[in-house]
Protein chains: 2
Amino acid sequence: MEFQLADGIAVLERTPAAFRALLAELPDVWIAGNEGPDTFSPFDNVGHLIHGERADWVPRARIILAQGTNRRFEPFDRLAHVRESAGKSVAELLHEFEHLRGANVATLRGWALTERELALEGEHPTLGPVTLRQLLAAWVAHDLGHVAQTARVMAKQYREEVGPWRVYLPVLDR
Amino acid sequence: MEFQLADGIAVLERTPAAFRALLAELPDVWIAGNEGPDTFSPFDNVGHLIHGERADWVPRARIILAQGTNRRFEPFDRLAHVRESAGKSVAELLHEFEHLRGANVATLRGWALTERELALEGEHPTLGPVTLRQLLAAWVAHDLGHVAQTARVMAKQYREEVGPWRVYLPVLDR
């Protein structure tokens, strides 16, 4: 499937509602469970997405669009959310994510990007040259990856409780 | 995490809204994409869950609760949705799933299951003896598995479009 801006925005603008539908007012046991040491719980997934709204996708798109002499992105801290989310409730995180994502989607729409702009390049600190089109496609796929991760992490909390059904539920061992 | 009825119901009652948040009014290209021959699209995932509401979880729970002489479940047709969903829109499927799930969760709550009842057994046609507790835990994990699958299948549509980011997006190769 080819990246089309309208298709990508359609996913980006739905992600906060998907997390709200999954997690709002859910019993705490589901919110905090993870897949073991150094893995993300549902709470961590939302916190990580929030940090991305502030530090990753739109700031990097701005660097590409500016086409200055230094087009190298700041490295992204994949664990910044641990510090930033400390002490917050999942309700606060869901609200914060909705707010930030709404503003970022409005910014993205406001740019009314052309094919020429989508082909502009920036420099990822480890991946090297990347286009704006690739960055926006990665933003969408990253969202969906964290929806999938959140649902998978929740499912795994019942890995033992499903008994013999485990063989029919591949998500439990992925 | 130990299965607790209230925790399980909290997930079961949220799943239709999670699918609605992800899929309602989304461009068709996202709805129909899959992972290759004989794999489920987002549309197929909702259709499969609908068939489960009619033929799988609650009917099997009734067999267990009845404790008749024959406690063997009917085999579940994992592809029945292909026939049943033909010609329907995703909007129709989302509505149908909400309606059926709402009724099934009401039935489940109405049973006010005791620990004794959760320990009762039925016979799965291929897995053998299973308890009602295991069936309900599997219902929850199965929901979450299909949320994860839906998001993963969508993400994969951009596997090529993300360019070098693919190495940082494990969902694209899962």
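Scroll up to find the structure this text is about.
Source: prediction; values computed, not measured.

Cut-offs used in this document
Residues numbered from 1 in each chain as written. Chains lettered and ligands numbered in written order. Predicted model: local features only at pLDDT ≥ 70, side-chain atom pairs only at ≥ 80, totals over all residues. Heavy atoms only, no water. Helix = DSSP H or I, 4+ residues; strand = E, 2+ residues; numbered from the N terminus. Buried < 20%, exposed > 50% of the residue type's maximum accessible area, 1.4 Å probe, protein only. Contact = heavy atoms within 4.5 Å. Areas by Shrake-Rupley, 256 points an atom, 1.4 Å probe, with all protein chains shown as cover. Lys, Arg positive; Asp, Glu negative; His and termini not counted. Charge placed at Lys NZ, Arg CZ, Asp CG, Glu CD. Core = buried A, V, L, I, M, F, W, Y, C linked by side-chain atoms within 4.5 Å. Arc of directions from axis to C-beta. Pairing = 2+ DSSP bridges. Least-squares fit on C-alpha atoms with pLDDT ≥ 70 in both. Axes fitted to C-alpha atoms, helices over the stretch in contact; angles between N-to-C directions. Parallel < 35°, antiparallel > 145°, perpendicular 65-115°, else oblique. Left-handed = near helix turned anticlockwise from the far one by under 90°. Nonpolar A, V, L, I, M, F, W, Y, C, P; charged D, E, K, R; others polar. 1 Å grid on protein atoms, 1.4 Å probe; cavity = no way out; pocket = protein on both sides within 12 Å on 5 of 7 lines; lining within 4 Å. Points joined across faces, edges and corners; volume = space filled by probe spheres on them. Buried area = accessible area lost by both parts, 1.4 Å probe. Salt bridge = Lys/Arg side-chain N within 4 Å of Asp/Glu carboxyl O. Polar contact = N/O pair within 3.5 Å; in protein donor to acceptor, adjacent residues only side chain to side chain.

**Student:** Is there a simple way to think about the overall build of chain A in this case?
**Tutor:** Each helix and strand in chain A was counted, giving 9 helices and 2 strands. Along the chain direction, N to C, the helices and strands of chain A fall in the order α-α-α-α-α-α-α-α-β-β-α. Overall, chain A is about 55 × 35 × 30 Å in size when its C-alpha atoms are taken along their principal axes. Looking at chain A as a whole, 57% of its 174 residues qualify as buried. Of the contacts made within chain A by residues no fewer than 6 positions apart, 71% connect residues no fewer than 24 positions apart. Of the roughly 7500 Å² of accessible surface on chain A, a fraction of 52% belongs to carbon and sulfur atoms. Distance between charge centroids for chain A: 3 Å, based on 19 positive and 24 negative side chains.

**Student:** Explain the nonpolar core to me, please; I cannot follow it from the model alone.
**Tutor:** Looking at soluble globular proteins, one finds that nonpolar side chains tend to be buried together. Counting residues in each nonpolar core, the largest one holds 112 residues, and the members touching the most others are L23, L136 and W165 of chain A together with L23, L136 and W165 of chain B. Residues within four places of L23 of chain B in sequence aside, it is in contact with I31, P42, V46, V90, L94, T150 and M154 of chain B.

**Student:** What should I look at first to understand helix α5 (residues 57-66) of chain A in this one?
**Tutor:** Three or four residues apart is the spacing at which side chains of an α-helix point the same way, because the helix has 3.6 residues per turn. Residues and elements named next belong to chain A. Those residues of α5 that sit buried are W57, V58, R60, A61 and I64. The arc that holds every buried residue of α5, seen down its axis, measures 160°, which confines them to one face. Where the residues of α5 are buried, they touch α4 (42-55), α7 (90-111), β1 (121-124), β2 (128-131) and α9 (132-156). Once α5 ends, the next one or two residues include Q67, with phi positive near 50°.

**Student:** When you look at the pairing of strand β2 (residues 128-131) of chain B in this model, what are you seeing that I'm missing?
**Tutor:** Residues in a regular strand point their side chains to alternate faces of the sheet. Residues and elements named next belong to chain B. For strand β1 (residues 121-124) and β2, the ladder comprises 4 bridges, and the chain directions are antiparallel. Of the residues in β2, the one forming a bridge with H124 is G128. Connecting the antiparallel pair β1 and β2 is a turn made up of 3 residues.

**Student:** What is the right way to look at the relation of the copies chain A and chain B in this model?
**Tutor:** Look at the two chain copies: a rotation about an axis and a shift along it is all it takes to match them. Screw-axis analysis of chain A against chain B gives a translation of 0.0 Å along the axis, an RMSD of 0.0 Å, and a rotation angle of 180°. These values place the two chain copies in the arrangement generated by a two-fold rotation axis. Minimal C-alpha distance to the rotation axis in chain A is attained by A148 of chain A, lying at 1.9 Å. Here 100% of the contact residues of chain A are again contact residues in chain B; the copies associate through an equivalent surface.

**Student:** How do you make sense of the packing of helix α1 (residues 5-12) of chain A against α9 of chain A when you look at a structure like this?
**Tutor:** Angle between the axes and distance between the axes are the two parameters that describe a pair of packed helices. Residues and elements named next belong to chain A. Interhelical geometry of α1 versus α9 gives an angle of 30° and a closest axis separation of 9 Å. Accordingly, the angle class assigned to the pair α1 and α9 is roughly parallel. Both α1 and α9 take part in a crossing whose hand is left-handed. Between α1, through L5, G8, V11 and L12, and α9, the contact on the second element is made entirely by L136, W139, V140, D143 and L144. Its residues placed into classes, the contact of α1 with α9 shows 7 nonpolar, 1 polar and 1 charged.

**Student:** How should I be thinking about empty space enclosed by the protein in this particular structure?
**Tutor:** A probe as big as a water molecule, rolled over the atoms, marks out the empty space that is left. Throughout the structure, instances matching the rule amount to 3 cavities of 30 Å³ or more. The space that makes up the largest cavity amounts to roughly 60 Å³. Forming the boundary of the largest cavity are A148, R152, V171 and R174 of chain A together with A148, Q149, R152, V171 and R174 of chain B. Elements represented by at least two residues in the lining of the largest cavity include exactly α9 of chain A together with α9 (132-156) of chain B. Broken down by class, the residue content of the lining of the largest cavity amounts to 4 nonpolar, 1 polar and 4 charged.

**Student:** Would you explain helix α2 (residues 15-23) of chain B in this entry?
**Tutor:** Residues and elements named next belong to chain B. Taking burial as the measure, the 9 residues of α2 include 7 buried ones, the bulk of the element. Residues T15, P16, A18, F19, A21, L22 and L23 constitute the buried set of α2. Looking one or two residues past α2, E25 carries a phi angle of roughly 60°, positive in sign.

**Student:** How should I be thinking about the interface of chain A and chain B in this particular structure?
**Tutor:** Where interface size is quoted, it is often the accessible area lost as the parts come together. Each partner contributes to the interface: chain A provides 57 residues, whereas chain B provides 57 residues. Counting each side, the surface lost to burial between chain A and chain B is near 4700 Å², with a carbon and sulfur contribution of 73%. Put simply, chain A and chain B have 0 salt bridges between them. On the surface where chain A and chain B come into contact, there are 10 residue pairs in polar contact (both at pLDDT 80 or more). Of all the secondary-structure elements, those providing two or more residues to the side of chain A that touches chain B are α1, α2 (15-23), α3 (28-32), α5, β2 and α9 of chain A. Residues of the side of chain A that touches chain B, tallied by class, amount to 38 nonpolar, 10 polar and 9 charged.

**Student:** What am I meant to see in unusual backbone geometry here?
**Tutor:** Both trends apply: most residues other than glycine have a negative phi, and most peptide bonds are in trans. Residues and elements named next belong to chain A. Positioned with a positive phi, D38 is a non-glycine residue whose angle comes to about 60°. Among the structural elements, D38 can be located in the loop between α3 and α4. Residue classification places D38 among the exposed residues on the basis of a relative accessible area of 83%.

**Student:** What's the story with the pattern of salt bridges in this structure? I'm lost.
**Tutor:** Any two side chains of opposite charge can pair, so long as their charged atoms come close to each other. Residue and element names in this part refer to chain A. Taken as a whole and judged by the stated rule, the model has 30 salt bridges over all chains. Put simply, E96 and K88 hold a salt bridge, and the shortest N to O gap is 3.3 Å. A relative accessible area of 30% places K88 in the partly exposed class. Across the salt bridge formed by R159 and D173, the nearest N and O atoms sit 3.9 Å from each other.

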